[in-house]
Amino acid sequence: MSVERPTFVLVPGAWHLPSSWDLLRGELDTLGYASRAVKLSTTGPDPRGGLQEDAQAIRSAVEALSGPVVVVAHSYGGIPATEGLAGLPDVRRLVYLAAYVPDVGESMHTLHGLPDPDSADGLFPIGPDPRAQFYADVPNDVADLAISRLVDQLLKPWVDRVTQAAWHTVPATYILAERDAALPVDLQEQMAARIKDVRRIATSHSPFLSRPAELAGLLDEIARG
């Protein structure tokens, strides 16, 4: 009897559009997996909303599918995935890829030990050197394209606090990026300790661009789990 393969639902991080997953989606297709990439509400040319709107975008993407689903959330995307996926029976696994793993009452700011700002309005600016921050080991032509596709990011969802944490009830895996310059490796280690299954990849913050085939193979292994 064959086991139905899951569909991968891919959640980008801050400043990134669904197209950031294109190379990985090609590799997953080669391995026989269907995939969908989510557009977050608070990220884009016309960003709006907060954490709840991003969580609903992920939830809606999962609910539109039939059959088993594996959700892969990158960086900031781990926060709305944590918020939005509780209680969805088709989600077989939640994979945090160099991502934030908040518990109830936490936010990105609290995970970094930062106080809430006086105002959560407006945009959060990207750093002065996104190549070094996100794409240190990505081929130059791929990094150039990725940088050209970066978009605005609202601050509000970084301050909004999680009201439910899916990783308490949904099987989860953490993939730690060992050469990450964007999300500190020691913070990744702390958050990964919340997850029973921890894997590692020797890349910077964006393994879906630097080593998409290797990452697809790791996701295949996790999905077959």
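Each remark here, short or long, concerns the structure printed above.
Q: Whenever I open this one, the overall build of the protein confuses me. Can you help?
A: Within the protein, the regular secondary structure consists of 10 helices and six strands. Taken against the 2.2 N^0.38 rule, which gives 17 Å for 225 residues, the C-alpha radius of gyration of the protein at 16 Å falls within 12% of a compact globule. Projected onto the principal axes, the alpha-carbon positions of the protein cover approximately 60 × 40 × 35 Å. Considering only residue pairs separated by 6 or more positions, the protein has 73% of its internal contacts joining residues 24 or more positions apart. Accessible area of the protein: about 9,700 Å², with a carbon and sulfur share of 51%. Across the protein, the centroid of the 19 positively charged side chains sits 5 Å from that of the 29 negatively charged ones.

Q: Just checking my understanding: could you explain the packing of aromatic side chains for this structure?
A: Here a ring pair, both rings aromatic, is described through the centre-centre distance and the interplanar angle of the planes. Scanning all chains against the criterion turns up eight aromatic pairs. Summarising the aromatic geometry, the rings of phenylalanine 8 and tyrosine 33 are spaced 5.0 Å apart at their centres and angled 70 degrees between planes, so their arrangement reads as edge-to-face. You can see phenylalanine 8 sitting in strand 1 (residues 7-11) and its partner tyrosine 33 sitting in the loop between helix 1 (22-30) and strand 2 (35-37), a full 25 residues away along the chain. Overall, phenylalanine 8 belongs to the buried group, its relative accessible area being 0%. Residue tyrosine 33 is classed as buried on the basis of its relative accessible area of 3%. In this structure an aromatic cluster arises from ring pairing among Trp15, Phe124, Phe134, Tyr135 and Trp158.

Q: Would you take a moment to explain the pairing of strand 6 (residues 197-201) for this structure?
A: Two faces belong to every sheet, and in a regular strand the side chains alternate between them. Of the strand pairs in this sheet, strand 5 (residues 172-177) and strand 6 are connected by five bridges, and their pairing is parallel. Across the sheet, the residue bridging to tyrosine 174 is valine 198, located in strand 6. Once you follow strand 5 into helix 8 (residues 185-192) and on to strand 6, the crossover reads as right-handed.

Q: How do you make sense of the environment of threonine 30 when you look at a structure like this?
A: Here threonine 30 shows up in helix 1. A relative accessible area of 63% places threonine 30 in the exposed class. Placed 15 residues apart in sequence, threonine 30 and tryptophan 15 show a C-alpha to C-alpha distance of 27 Å.

Q: Looking at this model, I keep getting lost on the side chain of serine 75. Mind explaining?
A: With respect to the helices and strands, the residue serine 75 is situated in the loop between strand 3 (69-74) and helix 3 (78-84). In this structure serine 75 comes out as buried when scored by relative accessible area, which is 12%. Apart from the residues within four sequence positions on either side, serine 75 is in contact with Gly13, Leu97, Ala98, Ala99, Tyr100 and His205.

Q: I would appreciate a short explanation of unusual backbone geometry in the present structure.
A: Across the chain, the bulk of peptide bonds are trans and the bulk of non-glycine residues have phi less than zero. Its identity as a non-glycine residue notwithstanding, serine 75 has a phi of 55 degrees, on the positive side. The backbone of alanine 98 shows a phi angle near 45 degrees, a positive value even though the residue is not glycine. Its location among the elements puts alanine 98 in the loop between strand 4 (91-97) and helix 4 (108-111). Classification of alanine 98 by relative accessible area gives buried; the value is 0%.

Q: What should I look at first to understand the sheet that holds strand 6 in this one?
A: By definition, the strands of a sheet pair up through backbone hydrogen bonds, in either a parallel or an antiparallel sense. The sheet built from six strands is open, its strands ordered 2-1-3-4-5-6 with parallel pairing. Only two strands of the sheet have a single partner each, and these edge strands are strand 2 and strand 6. Averaged over neighbouring strand pairs, the angle between their axes works out to 20 degrees when direction is ignored. Contacting strand 1, strand 3 and strand 4, helix 2 (residues 51-63) runs over the sheet at an angle of about 165 degrees to strand 1.

What counts and how
Residues numbered from 1 in each chain as written. Predicted model: local features only at pLDDT ≥ 70, side-chain atom pairs only at ≥ 80, totals over all residues. Heavy atoms only, no water. Helix = DSSP H or I, 4+ residues; strand = E, 2+ residues; numbered from the N terminus. Rg over C-alpha atoms; globule rule 2.2 N^0.38 Å. Contact = heavy atoms within 4.5 Å. Areas by Shrake-Rupley, 256 points an atom, 1.4 Å probe, with all protein chains shown as cover. Lys, Arg positive; Asp, Glu negative; His and termini not counted. Charge placed at Lys NZ, Arg CZ, Asp CG, Glu CD. Phe/Tyr/Trp six-rings, centres within 6.5 Å; stacked < 30°, edge-to-face > 60°. Buried < 20%, exposed > 50% of the residue type's maximum accessible area, 1.4 Å probe, protein only. Pairing = 2+ DSSP bridges. Right-handed = clockwise from strand over helix to strand, strands pointing away. Axes fitted to C-alpha atoms, helices over the stretch in contact; angles between N-to-C directions.

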